[in-house]
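Observations on chain architecture
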Amino acid sequence: EGITDMGLIPLCAPSEWNEKIPMFSIAWVFALEQYYIRTKDLDFVKEMFSTLQTIIGTFKGWIKDDIIETPFGDGVWNFYDWDFGLEDNEKVEKVNEGKVRIDAPLNFGFCAMLNTAINLANVIGKKELIEEYKNLYNIIKENAHKKLYNAQKGLYVTYLGGTYPNHYCELSQALALISGVSDDEALRDKLADKNNGLIKTNLSLMYYKYEALLQDH
């Protein structure tokens, strides 16, 4: 009931505050899977699956040239974390009006969300969606890696375009690993290194860092 006309979960519910954070809708999808893993409540997953599809549809609308372009305006707040260059408190949509920005957390988060959607579609028997989501995942995965990976540094840059052209953060590396965009163990080692020189992940999003570090370990 809380999903907005734009097809995203509202920032606060119930609330009249209209701003929407795309990454929070991705987190909602992750939470739906975690809820199922712990409860095996298949009926609830079936009930909520149309909301998941709506969210994916919104993200698909931001895809241009096989990658997600960062949405601006319409009450969207491109917040990722409370740290330098990730809080979007300068309201970059005003500075960046008419220009294109590509965000690593948004693209990697979308890939991870698609993987979650594939898992849940399989659980509830929506077999017809699995191939569609796999194909979309492979397209975004390939292009996000190609555009955002700095081979010299062995890291993913946070943004292409915008205010912070040389921004590297733990969150982007963690989401690259979680989503399967990268399976580079050297990247995992850098993420684990407390002196890695990256913008740190704060407590509210530490979940992603530790999911990446503990993945398949």
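Residues numbered from 1 in each chain as written. Predicted model: local features only at pLDDT ≥ 70, side-chain atom pairs only at ≥ 80, totals over all residues. Heavy atoms only, no water.

1. Observations concerning the packing of helix 4 (residues 104-124) against helix 6 (residues 170-179)
The following threshold applies: Where helices are involved, their axes are fitted lines through C-alpha atoms of the stretch in contact, as for all axes, and angles between N-to-C directions lie from 0 to 180°. To qualify as a helix, a DSSP run of H or I must reach at least 4 residues; to qualify as a strand, a run of E must reach at least 2; elements of each kind are numbered from the N terminus. Working definition: roughly parallel below 35 degrees, roughly antiparallel above 145 degrees, roughly perpendicular at 65 to 115 degrees, and oblique for all remaining angles. For any pair of crossing helices, the crossing counts as left-handed if the nearer helix is rotated counterclockwise from the farther one by less than a right angle, and right-handed if it is rotated clockwise. Throughout, a residue-residue contact means that at least one pair of heavy atoms, one from each residue, lies within 4.5 Å. Under the scheme applied here, ten amino acids are nonpolar (Ala, Val, Leu, Ile, Met, Phe, Trp, Tyr, Cys and Pro), four are charged (Asp, Glu, Lys and Arg), and all others, including Gly, are polar.
Between helix 4 and helix 6, whose axes approach to 8 Å, the crossing angle comes to 25 degrees. Considering the angle they form, helix 4 stands roughly parallel to helix 6. Helix 6 is crossed by helix 4, and the crossing has left-handed handedness. Residue-level contacts link Ala 104, Pro 105, Phe 108, Cys 111, Ala 112 and Asn 115 of helix 4 to Leu 171, Ser 172, Leu 175, Ala 176, Ile 178 and Ser 179 of helix 6. Of the residues in the contact of helix 4 with helix 6, the class split is nine nonpolar, three polar and no charged.

2. Regarding the pattern of salt bridges
Quick reminder of the rule: A carboxyl oxygen of Asp or Glu within 4 Å of a side-chain nitrogen of Lys or Arg is what we treat as a salt bridge. Partly exposed residues are those whose accessible area sits between 20% and 50% of the maximum for their type, while under 20% is buried and over 50% is exposed, using a 1.4 Å probe and protein chains only.
Following the criterion strictly, the structure yields six salt bridges and no others. Lys 60 is paired through a salt bridge with Glu 132; the nearest N and O atoms lie 3.2 Å apart. Residue Lys 60 is found in helix 2 (residues 42-60), and its partner Glu 132 is found in helix 5 (residues 127-148); the two are separated by 72 residues along the sequence. One salt bridge connects Lys 200 with Glu 170, and the closest N-O pair in it is separated by 3.3 Å. Taken together, the residues Lys 200 in the loop between helix 7 (185-192) and helix 8 (206-214) and Glu 170 in helix 6 connect sequence positions 30 residues apart. When its relative accessible area of 0% is taken as the criterion, Glu 170 is described as buried.

3. Observations concerning the side chain of Gln 173
The following threshold applies: Two N or O atoms count as a polar contact when they lie within 3.5 Å, although within protein this holds only if one can serve as hydrogen donor and the other as acceptor, and sequence-adjacent residues are included solely when both atoms are side-chain atoms.
Of note, Gln 173 is situated in helix 6. From its side chain, Gln 173 meets the backbone oxygen of Tyr 156 in a polar contact 2.9 Å long.

4. Considering helix 8
Put simply, the test is: Comment: arc refers to directions from the helix axis out to C-beta atoms.
Of the positions making up helix 8, those classed as buried are Tyr 208, Lys 209, Ala 212 and Leu 213. Down the axis, helix 8 shows its buried residues gathered within 130 degrees of arc, on one side only. Residues of helix 8 that are buried sit in contact with helix 1 (22-39), helix 6 and helix 7.

5. Focus on helix 6
A large share of helix 6 lies buried, amounting to nine of its ten residues. Within the span of helix 6, buried status applies to Glu 170, Leu 171, Ser 172, Gln 173, Ala 174, Leu 175, Ala 176, Leu 177 and Ser 179. The inward-facing, buried residues of helix 6 abut helix 1, helix 4, helix 5, strand 5 (155-156), helix 7 and helix 8. Following helix 6 by one or two positions, Gly 180 adopts a phi angle in the positive range, close to 85 degrees.

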